[in-house]
Amino acid sequence: MRLVFAGTPEVAVPSLDALAASGHELVGVVTRPDAPAGRGRKLVASPVGQRAEELGIPVLKPEHPRDPEFQEALRALQPDVCPVVAYGALLPQSALDIPVHGWVNLHFSVLPGWRGAAPVQHAIWAGDEVSGATTFRIVKELDAGPTFGVMTERIRPGDTAGDLLERLAEGGAGLLVATIDGIADGSLEAREQPPEGLSYAPKILVEDARVDWTEHAVAVDRRIRACTPAPGAWSTHEGERIKLGPVTHTETALEPGVLEVGKNHVLVGTGTTAVKLGDVKAFGKKQMAAADWARGARLETGARFGDG
């Protein structure tokens, strides 16, 4: 099969590598345009773009996949199928029609659950016990196309979104290759998604990641893990935003948002029992253990989060 892979972030790189080693003919890669990064705000290629260049694969970086020049270049590559992982742009029907077998997406949920931009984050936030990945043929409706294959992955008690996504990216790469193999030899047939179990996972915004200390400890824990590493859970102290890493549960009773500061720990009250802070990052400071932050900020028991 002649493949043109579409993807952008680091999470798509394992699939790119797996497809490059699969025995199929990877004739091109599509990724988002170079973007400013770092203090100098220099234009930098996406992780997928950088990896494709290392592999010596031609890279297309359209401003939008509806651009006629891009579609002409894609058509010239004569793809049999276009595998996709987290490309980051909506594909118009005119682009979907170019490959013989369409565009096959690797989505990090068990569809039809958690359609949308942030399936892993929402699975953790909701307290799901199992997540996974699904391959499906892209259609115009969001993540609604017929499916080819699925894998499942248990969500571990301490998993952040980053932890779970890393495992799904590795396991999903094998699923994507197996799907392409099945399409190539005719052993796989796409099946329509069942109508039951449908849920949506919209992008999580920075404001969504603000911790509500009146929620029970389990909900606080889930929100923080779901928002780690991005967009990053946070609260405020004296009007300054404090970024929060994963927490652990305790049996201590404290009022919501109130801090208990010890020599080697900082607890915060929730709507039920207090949680112990892990790493925190104050504005303009490096990430550090909560006790070190409290010591530097000269915090004492009775201080409060969420006051500004």
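Above: the structure in question.
Residues numbered from 1 in each chain as written. Predicted model: local features only at pLDDT ≥ 70, side-chain atom pairs only at ≥ 80, totals over all residues. Heavy atoms only, no water.

A. Structural context of the nonpolar core. Membership of the largest hydrophobic core comes to 36 residues, with the highest contact counts inside it found for Phe 5, Leu 16 and Phe 108. Of all elements in the fold, only β1 (2-7), α1 (13-20), β2 (25-30), α2 (47-55), β7 (103-107), α5 (119-126), β9 (147-154) and α6 (161-185) reach the threshold of two or more residues within this core. Here the element with the most residues in this core is α6; it accounts for 9 residues. Apart from the residues within four sequence positions on either side, Leu 16 is in contact with Phe 5, Leu 26, Val 29, Val 48, Arg 51, Ala 52, Leu 55 and Ile 57. (Core = buried A, V, L, I, M, F, W, Y, C linked by side-chain atoms within 4.5 Å. Buried < 20%, exposed > 50% of the residue type's maximum accessible area, 1.4 Å probe, protein only. Helix = DSSP H or I, 4+ residues; strand = E, 2+ residues; numbered from the N terminus. Contact = heavy atoms within 4.5 Å.)

B. The packing of α5 against helix α7 (residues 217-226), seen in detail. For the pair α5 and α7, the least separation of the axes is 8 Å and the interaxial angle reads 165 degrees. When the axes of α5 and α7 are compared, the pair comes out roughly antiparallel. The two elements α5 and α7 cross, and the hand of that crossing is right-handed. Along the contact surface, α5 presents Gln 121, Ile 124, Trp 125 and Ala 126, while α7 presents Arg 222, Arg 223, Arg 225 and Ala 226. Considered class by class, the residues forming the contact of α5 with α7 number 4 nonpolar, 1 polar and 3 charged. (Axes fitted to C-alpha atoms, helices over the stretch in contact; angles between N-to-C directions. Parallel < 35°, antiparallel > 145°, perpendicular 65-115°, else oblique. Left-handed = near helix turned anticlockwise from the far one by under 90°. Nonpolar A, V, L, I, M, F, W, Y, C, P; charged D, E, K, R; others polar.)

C. View of the packing of aromatic side chains. Per the stated rule, a full pass over the model turns up 2 aromatic pairs. With a centroid separation of 5.6 Å and an interplanar angle of 10 degrees, the aromatic rings of Trp 213 and Phe 305 are classed as stacked. On the criterion of sequence distance, the pair formed by Trp 213 in the loop between α6 and α7 and Phe 305 in the segment after α8 (290-296) is long-range, its members being 92 residues apart. Of the two residues examined, Trp 213 and Phe 305, each falls in the buried class. Ring plane angle 15 degrees and centroid distance 5.9 Å describe the contact between Trp 293 and Phe 305, whose orientation is recorded as stacked. Separated by 12 residues along the polypeptide, Trp 293 in helix α8 and Phe 305 in the segment after α8 bring together distant segments of the chain. Each member of the pair, Trp 293 together with Phe 305, is buried. Cluster of aromatic residues (ring-pair linked, three or more members): Trp 213, Trp 293 and Phe 305. (Phe/Tyr/Trp six-rings, centres within 6.5 Å; stacked < 30°, edge-to-face > 60°.)

D. Examining the environment of Ala 184 more closely. Topologically, Ala 184 is positioned in helix α6. The spatial distance from the C-alpha of Ala 184 to the C-alpha of His 24 is 9.4 Å, given a sequence separation of 160 residues. Beyond its immediate chain neighbours, meaning those up to four positions away, Ala 184 contacts Met 1 and His 24.

E. Layout of the sheet that holds strand β16 (residues 279-282). Reading across from one edge, β10-β11-β16-β17 is the order of the 4 strands in this open sheet, with antiparallel pairing throughout. Either end of the sheet is taken by a strand with one partner, and the two such strands are β10 (233-237) and β17 (288-289). Bridge analysis of β16 against β17 gives 2 bridges, and the strand direction is antiparallel. Its bridge partner being in β17, Val 280 is matched across the sheet by Met 288. (Pairing = 2+ DSSP bridges.)

F. Fine view of the pattern of salt bridges. Following the criterion strictly, the structure yields 11 salt bridges and no others. Here Arg 115 and Glu 141 are joined by a salt bridge, their closest N and O atoms 3.7 Å apart. Taken as a pair, Arg 115 in the loop between β7 and α5 and Glu 141 in the loop between β8 (130-137) and β9 lie far apart in primary sequence, 26 residues in all. The exposure class assigned to Arg 115 is buried, which follows from its relative accessible area of 7%. When the shortest N-O distance is used, the salt bridge between Arg 295 and Asp 292 registers 2.8 Å. With Arg 295 and Asp 292 both in helix α8, this residue pair falls 3 residues apart, about one helical turn. Each of Asp 17, Arg 51 and Glu 54 takes part in a single network of salt bridges with overlapping partners. (Salt bridge = Lys/Arg side-chain N within 4 Å of Asp/Glu carboxyl O.)

So, to be careful, I would describe these as geometric facts and stop short of saying anything about function.
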